[in-house]
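# Structural characterization, general
Spelled out, the chains give:
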Amino acid sequence: MRRRNPALDISDTEVRLGEGRFVDCSALTAEQRRDHLQWLERAVEQQVPGAALEWLTAGPNGQIDDLEMRNDDPLVRAWSEKAIRLLDAAARRGDVEAIGALSGVYSSDYVTERDMTKSVMYDVVIFKLLRQKGGNGLVGYQRLMDRYRREMSPEKWQAVEESAEAFFQSCCAKPRN
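Notes on the structure in this doc start here. (Residues numbered from 1 in each chain as written. Predicted model: local features only at pLDDT ≥ 70, side-chain atom pairs only at ≥ 80, totals over all residues. Heavy atoms only, no water.)

In total, this model carries three aromatic pairs according to the counting rule given. An angle of 20° between the planes, with centres 5.7 Å apart, marks the rings of W55 and W79 as stacked. Note that W55 is positioned in helix 2 (residues 51-58) and W79 in helix 4 (residues 74-92), a separation of 24 residues in sequence. As far as burial versus exposure is concerned, W55 and W79 are alike and both buried. (Phe/Tyr/Trp six-rings, centres within 6.5 Å; stacked < 30°, edge-to-face > 60°. Helix = DSSP H or I, 4+ residues; strand = E, 2+ residues; numbered from the N terminus. Buried < 20%, exposed > 50% of the residue type's maximum accessible area, 1.4 Å probe, protein only.)

Following this line, the structure appears as structure tokens:
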């Protein structure tokens, strides 16, 4: 499988699944969900682009609903912390989907504490990637940047931009092969 994120149009990979094929996963056993998580963990370890995002969306025990329904469970909290670490490591390697996922994770509060400053910083990194690659979402992200600029104090916006630039330089400024 190859992954492609058409909204960003800057991901180096694409998913091609058979058209019109849907699979009802409600009958999956706990063992099948466990095996899927083990497979995903191996993909994350091998630095497969998009694997950290897949880990997040699989959810603890292979059930994403646990993040919301059982968020006080220590096992779910531990899983959430691991998911953040995996996403962060992937983002630092330039995994665009992980960067986008971190923006979403920090703008909500069901995986970790809400932190809009971090969320905006990751959005700024995506905007920088779009400008670098000329992705389809450039106009939409320009509007988002304009909105953030209006909503934040100039000092806070400057701090976010500086953090985003440092992150971008470390993960993404160099052309990838």
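A separate point is the state of the cysteines. Note: disulfide means a covalent bond formed between the sulfur atoms of two cysteine side chains. In the structure shown here, the tally under the stated rule is one disulfide. In this model C171 forms its disulfide with C172; the gap between the sulfur atoms is 2.0 Å. Disulfide C171-C172: torsion about the S-S bond near -80°, hence left-handed. On the basis of relative accessibility, which here comes to 1%, the residue C172 falls in the buried class. (Disulfide = S-S within 2.5 Å.)

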